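What follows is the residue order along each chain.
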Amino acid sequence: MVHAEAPLPSSVERAVAAVASAQRRVDAALVGRWRVLVVVLATLAQTTSALRVLSRPGYPRLRDSKIFEYVGWQLARGTTLYVETFEVKPPLSFETTAVLSVLAGDDQLLYHHLNVAVTCVAAVVAVALVAEFTHALTGEPAAAVAAACSLYLLPQFALRAGFGFKAKYFVLATGLLALWLAHDDHGRLGRGPSDVLAGVAAAAAVGYWQLAAVVPVVVLGLAARRGRRAVGRVVAGGAVASLVVLAPVLAAGVDGVVAMLNQTVLVSRYATQGGSALDRAVRAPNMLYWGRPLFAVGLVGLAVAAVRDCDRAWPLAACGAWFLAVVVAFDLDAAPDLFPTLAFVAVGVGVVAGRRTPAVRGVVLALAVVAAVVNVAFLGGFGVVVEPFDLADEPPTVAEPETVDAPYSTAEHHALLWYGIPAETCHVFFGPTQQAWVAAVDGDPTADRCRTTFP
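Residues numbered from 1 in each chain as written. Predicted model: local features only at pLDDT ≥ 70, side-chain atom pairs only at ≥ 80, totals over all residues. Heavy atoms only, no water.

Explain the packing of aromatic side chains to me, and be specific about the residues and the numbers.
Summed over all chains, the structure comprises 14 aromatic pairs. Residues Tyr70 and Trp73 carry aromatic rings whose centres are separated by 5.4 Å and whose planes lie at 25° to one another, so their mutual orientation is stacked. In this pair, Tyr70 and Trp73 are both assigned in helix H3 (residues 65-76), three residues apart and thus about one turn of the helix distant. We classify Trp73 as buried; its relative accessible area is 8%. Arranged with centres 5.4 Å apart and planes meeting at 55°, the rings of Phe157 and Tyr169 form a pair that is tilted. A residue pair is termed long-range when its members are at least 10 positions apart, and Phe157 in helix H7 (residues 155-159) and Tyr169 in helix H8 (residues 167-182) qualify at twelve residues. Taken together, the ring pairs connect Phe68, Phe94, Phe165, Phe170 and Tyr208 into an aromatic cluster. If you follow Arg63 out to its NZ or CZ, it ends over the ring of Phe163, 4.1 Å from the centre. Across from the ring centre of Trp209, 4.4 Å away, lies the NZ or CZ of Lys168, which sits over that ring. (Phe/Tyr/Trp six-rings, centres within 6.5 Å; stacked < 30°, edge-to-face > 60°. Helix = DSSP H or I, 4+ residues; strand = E, 2+ residues; numbered from the N terminus. Buried < 20%, exposed > 50% of the residue type's maximum accessible area, 1.4 Å probe, protein only. Lys NZ or Arg CZ within 6 Å of the ring centre and 35° of its normal.)

This is the structure in structure tokens:
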């Protein structure tokens, strides 16, 4: 009897088999080690990026960190938030920087370095939690590593923390922690303490950014599946955290409360945002450069996870959809506005990488790792297809202390922070939104107290 010879495998089949074999070895190596690897990689990425920014000559670059850090410095020295200094963000960001200012004393450079350090820590926490969620959904260590690397699809995710305090990192760290604590299958602390802490973390996320209100809603939804007691514990934790955060505002009396509500809620009506929703929908993925294909993969992966494993994936899909809608609707001034969306899309990348086919897992993991390395080490490009992210060598201009006078220029903003100069007006950072508000209430940009009512 003559047996037909089996056809030789094609070059594509051999390549797929090689990738699958290599991925099996990677899977075996990651078992029991992936958590440490994720934290180490995230720490290296954030440290490298922070040193790259801080090593530039002259005063450190601040971007909008100067707002958070200067207002925090003001609060640490007795200024009443929203009454004597105008701000559209909730109070927790400024309270966080105020604590760091107290720790640094009168050393403004140390104060800035502390802000960089805690912001980098928040970024590492966010990366670690994304990896945890992915592993919980897939059971694959390689998928968790792919998801963690996918947060670096934006070069600015690693880089921005080096410029100082940025609230979006803290929104991610506290919001993801709240969702993690609220999950049914997470009871290492005991269900009761986990619910209380989930409420605390959810309230903190809103305390950093009012548009993170989706987090407590989802956390309450998860608690509702376990009954009234669970909901009560979450509400109790959130209420205590909210009282602590709002205590300085409440201490200012009716003026403080009215001013906060006006500035954090009503003033948003005067915020200017260029372009249409379609423009922002196109601009968002374009900010990712090399990472655009993986971003699309992550969107699909998160949607598929929400359908196939609704019980565990719906909270992530709901939050991801909310933050994406916020970006498209009105909040896309710069790449950091994509951070919250990117965190949940990264889980979707991990879900795709968690497929049982080792070759698929290997390809997605390799692409995520390569994108992370290119974006962290080479700032997103080599100057051939994509230009690297620009870091200007020219140090920021800092005005001489004796020339500082309201209304302030950017150079004067730097002087206020670096020399520790008290502001003469509540409108320190008098941008377009504040200008529109002051015009609407017939106010004075050089007033020492903020006007909060219409004439």
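Anyway, onward from the coordinates.
An account of the pattern of salt bridges is requested, with residue identities and associated values reported.
Tallied over the entire structure, the rule returns nine salt bridges. Residues Glu132 and Arg35 are paired through a salt bridge, measuring 2.6 Å at the closest nitrogen-oxygen approach. Of this pair, Glu132 sits in helix H5 (residues 108-138) while Arg35 sits in helix H2 (residues 34-54), and the two are 97 residues apart along the sequence. Judged by its relative accessible area of 16%, Glu132 falls in the buried class. Note that Asp64 and Arg160 form a salt bridge whose closest N and O atoms lie 2.5 Å from each other. Taken as a pair, Asp64 in the loop between H2 and H3 and Arg160 in the loop between H7 and H8 lie far apart in primary sequence, 96 residues in all. Overall, the relative accessible area of 27% leaves Asp64 in the partly exposed class. You can call Arg160 buried: its relative accessible area is 4%. Taken together, the salt bridges that share partners define one network made up of Asp64, Arg160 and Lys166. (Salt bridge = Lys/Arg side-chain N within 4 Å of Asp/Glu carboxyl O.)

Residue-level account of the packing of helix H15 (residues 310-329) against helix H16 (residues 339-353), with values.
A packed helix pair is summarised by two numbers, namely the angle formed by the two axes and the spacing between the axes. Where H15 contacts H16, the two axes come as close as 8 Å, and the packing angle between them is 140°. For the crossing formed where H15 meets H16, the hand is left-handed. Residue-level contacts link Leu316, Cys319, Gly320, Phe323, Leu324 and Val327 of H15 to Pro340, Thr341, Phe344 and Val347 of H16. By residue class, the composition of the contact of H15 with H16 is eight nonpolar, two polar and no charged. (Axes fitted to C-alpha atoms, helices over the stretch in contact; angles between N-to-C directions. Left-handed = near helix turned anticlockwise from the far one by under 90°. Contact = heavy atoms within 4.5 Å. Nonpolar A, V, L, I, M, F, W, Y, C, P; charged D, E, K, R; others polar.)

I'd like a description of the environment of Asp311, backed by residues and values.
Mapped onto the secondary structure, Asp311 falls in helix H15. For the pair Asp311 and Pro193, spaced 118 residues apart in sequence, the C-alpha separation works out to 22 Å.

Could you give me a rundown of empty space enclosed by the protein, with the residues and numbers involved?
Inspection of the entire model under this criterion finds one cavity of 30 Å³ or more. In this structure, the largest cavity encloses a volume near 50 Å³. In terms of lining, the largest cavity is formed by Val171, Leu172, Gly175, Leu176, Val215, Phe323 and Phe344. Top contributing element to the lining of the largest cavity by residue count: H8, with four residues. Residues that form the lining of the largest cavity fall into these classes: six nonpolar, one polar and no charged. (1 Å grid on protein atoms, 1.4 Å probe; cavity = no way out; pocket = protein on both sides within 12 Å on 5 of 7 lines; lining within 4 Å. Points joined across faces, edges and corners; volume = space filled by probe spheres on them.)

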